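# Working through the structure, step by step
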Amino acid sequence: MLRSMAKDAYDSGAVYMGCMAENFEGVPLSATVTVSVLGAKNKRGVALSTDPRAIAESLRTITPRRDGDAWRTVTTVDIPEVGPAARTFGVEDVPVAQGDTRTLRMVLTQTYIPVPGTADQVVLVSGASPVLDLAEAFHDIFDAVTGTFRFV
C-alpha cells in the first residue's frame with residue numbers, strides 16, 4: 001500500500017511524501033501528506049495570483065445537503081516563519097486516478113503557500129486519510145504537520 005501511495009504521489013508531481021499505515025486494535029489507519037510545487041497559471045497559461053486571499057477566493061466551499069455528504073471549508077491561515085496561506089479542509093470525494101470517474105471519500109486538508117521571491121509558484125501541502133470517523137483529529141494533525149513547513 002505504501003509503495004502504491006508513493007508511486008501515485010511521484011506520478012502526480014509531488015516533491016515530498018509522508019505516509020503512515022497503522023493497525024490500531026484491529027482498525028486500519030492510514031494517512032498521507034504530500035508536498036507539490038505548482039505553477040500559478042490556469043489551463044490557458046494566464047498567470048494567477050499567489051496572494052493567499054485571492055487563492056482562497058478562487059476555491060469553492062462545499063456545503064453538505066445532509067449528514068454524511070462531502071463538505072469543504074475555505075479559509076486562510078498563518079504558518080509560523082512562513083506567513084499567510086490559503087487552506088481548504090473537509091471530507092471530499094477525490095478521484096481514484098486522473099481521468100477515472102470513480103472517487104474515494106477522504107478527509108482532506110490542502111494548504112496553498114506562496115513561494116517567496118516568485119510570482120508564479122505555490123507549494124501545495126496536502127494531507128489525506130480515508131478514515132472518516134477521525135476527520136476532526138486528522139484535520140488537527142494535518143494542521144500541525146503543515147505548521148512545521150519552512151522554506152530553506
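Bear in mind that the values here come from a model prediction, so they are computed numbers and not experimental data.

## Some points on the overall build of the chain
When helices and strands are counted, the chain shows three helices and six strands. On C-alpha atoms alone, the chain measures out to a radius of gyration of 16 Å, which is about the 15 Å that the 2.2 N^0.38 rule sets for 152 residues. The dimensions of the chain, computed from C-alpha atoms along their principal axes, are 50 × 40 × 35 Å. Every one of the 152 residues in the chain was classed for burial, and the buried ones make up 35%.

## Let's talk about a nonpolar patch on the surface
Where nonpolar side chains cluster on the molecular surface, the patch consists of Val15, Tyr16 and Val37 and spans about 300 Å² of accessible area. Mapped onto the elements, Val37 comes out in strand S2 (residues 27-39). Given the relative accessible area of 39%, Val37 is considered partly exposed.

## Observations concerning the layout of surface pockets
Taken as a whole, the largest pocket holds about 1,300 Å³ of empty space. Asp8, Ser12, Val94, Pro95 and Val96 are the residues nearest the centre of the largest pocket, which is lined by 29 residues in total. Mapped by element, the contributors of at least two residues to the lining of the largest pocket are helix H1 (2-11), S2, strand S4 (83-95), strand S5 (103-114) and strand S6 (121-129). The element contributing the most residues to the lining of the largest pocket is S2, with six residues. For the lining of the largest pocket, the residue count by class is 17 nonpolar, nine polar and three charged. If you add up the space inside the second largest pocket, you get close to 230 Å³. Along the walls of the second largest pocket sit Leu38, Gly39, Ala40, Lys41, Leu48, Ser49, Ala54, Ile55, Ser58, Leu59, Tyr112 and Val122, which together make up its complete lining. Looking at the lining of the second largest pocket, the elements that each hand over two or more residues are S2 and helix H2 (52-58). By residue number, the principal contributor to the lining of the second largest pocket is H2, which donates three residues. Tallied by class, the residues present in the lining of the second largest pocket amount to eight nonpolar, three polar and one charged.

## So, the nonpolar core
Formed by 17 residues in total, the largest nonpolar core has its most connected members in Ile113, Val123, Val125, Phe138, Phe142 and Phe149. Breaking this core down by element, the ones donating at least two residues are S2, S4, S5, S6 and helix H3 (135-146). With four residues, S2 is the largest single contributor of residues to this core. Apart from the residues within four sequence positions on either side, Val123 is in contact with Val35, Ser36, Val37, Thr111, Tyr112, Ile113, Val115, Phe149 and Phe151. Listed in part, the eight residues of the second largest apolar core include Ile55, Val74, Tyr112 and Leu124.

## A look at the pattern of salt bridges
All told, the structure shown has six salt bridges when counted by the stated rule. Its salt-bridge partner being Arg53, residue Asp51 comes within 3.2 Å of it at the nearest N-O pair. Here Glu92 and Arg72 are joined by a salt bridge, their closest N and O atoms 2.7 Å apart. Of this pair, Glu92 sits in strand S4 while Arg72 sits in strand S3 (residues 71-79); the two residues are 20 residues apart in sequence, bridging distant segments of the chain. With respect to class, Glu92 is no different from Arg72; both count as buried.

Conventions we followed
- Residues numbered from 1 in each chain as written.
- Predicted model: local features only at pLDDT ≥ 70, side-chain atom pairs only at ≥ 80, totals over all residues.
- Heavy atoms only, no water.
- Helix = DSSP H or I, 4+ residues; strand = E, 2+ residues; numbered from the N terminus.
- Rg over C-alpha atoms; globule rule 2.2 N^0.38 Å.
- Buried < 20%, exposed > 50% of the residue type's maximum accessible area, 1.4 Å probe, protein only.
- Patch = residues over 30% accessible without salt bridge, like charges linked within 9 Å, V, L, I, M, F, W, Y side chains within 5 Å.
- Areas by Shrake-Rupley, 256 points an atom, 1.4 Å probe, with all protein chains shown as cover.
- Salt bridge = Lys/Arg side-chain N within 4 Å of Asp/Glu carboxyl O.
- 1 Å grid on protein atoms, 1.4 Å probe; cavity = no way out; pocket = protein on both sides within 12 Å on 5 of 7 lines; lining within 4 Å.
- Points joined across faces, edges and corners; volume = space filled by probe spheres on them.
- Nonpolar A, V, L, I, M, F, W, Y, C, P; charged D, E, K, R; others polar.
- Core = buried A, V, L, I, M, F, W, Y, C linked by side-chain atoms within 4.5 Å.
- Contact = heavy atoms within 4.5 Å.

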